[in-house]
Amino acid sequence: MRRKDREMDEAFALGIADKCEYAVLSMTDGGGAPYCVPISIVRDGRDVFFHCAREGKKVDAMRGKAEVCIACVGSVRPAADKFTTEFESAIIRGRAEEVLEDAEKIRALRLLCQRYTPANMHNFDAAVSKSLARPAVWKVAIREITGKRKKYDGEGREMKFGRTQ
């Protein structure tokens, strides 16, 4: 990381992954060209799960070369009196693999639904029993995660070196 003065610890980075509204999955396609796409994620320990269609450019790229990078961004706010933006981010690197076992797939889908649609969980079992075969579920084992933040305190000073107050 170039800006070590904005680096945060792993616990901070995991928290950003847990609270970001969405993440961006980056990979290379079969020809080595960059490709990225927004995804909804949920973290369980050192694994990140997401669901998608069973076929398409993203799936082809992950099946061809499963090393991926996931960018998570949270708490973005333009600074009112500066030409900059406050932000929090986490970058996850790891290997993507398709979840093929039904029990793990259901567990991952349950976690995703609990995160994004908790008020509808009473319909989860019926929905998953009808459509488990439709979505693909992928897991990224976190090999490396880094966190970064740019934030100002109440006096307008940037909070560097992991300072929280």
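Starting afresh in each chain, residues are numbered from 1 along the sequence in its written order. For a predicted model such as this one, the threshold for reporting local features is a pLDDT of at least 70, and the threshold for listing and counting side-chain atom pairs is 80 or more; totals across whole chains, interfaces and linings nevertheless cover every residue. Side-chain measures were taken over the full set of non-hydrogen atoms in the model, leaving aside hydrogen atoms and water.

Trainee: Which residues make up the overall build of the chain, and what values go with them?
Mentor: The helix count covers DSSP runs of H or I at least four residues long, the strand count covers runs of E at least two residues long, and both are numbered beginning at the N terminus. Assigned secondary structure in the chain consists of 4 helices and 8 strands. For the chain, the succession of helices and strands along the chain, N to C, is β-α-β-β-β-β-α-β-β-α-α-β. C-alpha extents for the chain along the principal axes are approximately 55 × 45 × 25 Å. Remark: exposure states derive from per-residue accessible area (1.4 Å probe, protein chains only) relative to the maximum for the residue type, with buried under 20%, exposed over 50%, and partly exposed in between. Scored against the burial criterion, the 165 residues of the chain give a buried share of 39%. By definition in these notes, contact holds between two residues if any of their heavy atoms fall within 4.5 Å. Look at the contacts in the chain between residues 6 or more apart in sequence, and 69% of them connect residues 24 or more apart. Working definition of accessibility: Shrake-Rupley area with a 1.4 Å probe, residue cover restricted to the visible protein chains. Carbon and sulfur atoms form 52% of the exposed surface of the chain, whose accessible area is close to 9600 Å². Charged residues are defined narrowly, with Lys and Arg counted positive, Asp and Glu counted negative, and His plus the chain ends left uncounted. By convention, charge coordinates are those of NZ in Lys, CZ in Arg, CG in Asp, or CD in Glu. Averaging the positions of the 31 positive and the 25 negative side-chain charges in the chain gives two centres separated by 3 Å.

Trainee: I'd love a proper account of the environment of K57, names of residues and values included.
Mentor: Along the chain, K57 falls in helix α2 (residues 57–64). As for K57 and V37, which are separated by 20 residues in sequence, their C-alpha atoms are 9.9 Å apart. Contact partners of K57, with chain neighbours within four places excluded, come to D29 and Y35.

Trainee: Help me get a handle on the side chain of K105, residues and values and all.
Mentor: Here K105 is to be found in helix α3 (residues 102–116). Buried and without a salt bridge, K105 has D102 as its closest oppositely charged side chain, separated by 5.7 Å. Contacts described as polar in this section are N or O atom pairs within 3.5 Å, which, within protein, must combine one atom able to donate a hydrogen with one able to accept it, while residues neighboring in sequence count only if both atoms come from side chains. In this structure the side chain of K105 is engaged in a polar contact, spanning 2.8 Å, whose partner is the backbone oxygen of L132. Those residues within four positions of K105 in sequence are excluded, and the remaining contacts are R54, V99, L132, A133, P135 and V137. We define a salt bridge as a contact between a side-chain nitrogen of Lys or Arg and a carboxyl oxygen of Asp or Glu at a distance within 4 Å.

Trainee: Would you mind going over the side chain of E98 in detail, with residue names and values included?
Mentor: In this structure, E98 sits in strand β7 (residues 85–98). At a separation of 2.8 Å, a polar atom in the side chain of E98 contacts the side chain of R63. Contact partners of E98, with chain neighbours within four places excluded, come to R54, R63, A136, V137 and W138.

Trainee: An account of the nonpolar core is needed here, citing residue identities and associated values.
Mentor: Working definition of a nonpolar core: buried Ala, Val, Leu, Ile, Met, Phe, Trp, Tyr and Cys residues. They are joined through side-chain atoms within 4.5 Å. In this structure, L25, I41, F50 and C72 are the most contacted members of the largest nonpolar core, which totals 30 residues. Of all elements in the fold, only α1 (10–19), β2 (23–28), β3 (34–39), β5 (47–52), α2, β6 (67–78), β7 and β8 (136–150) reach the threshold of two or more residues within this core. Dropping the residues within four chain positions of it, I41 is found in contact with A17, C20, A23, V48, F49, F50, C72, L112, R115 and Y116.

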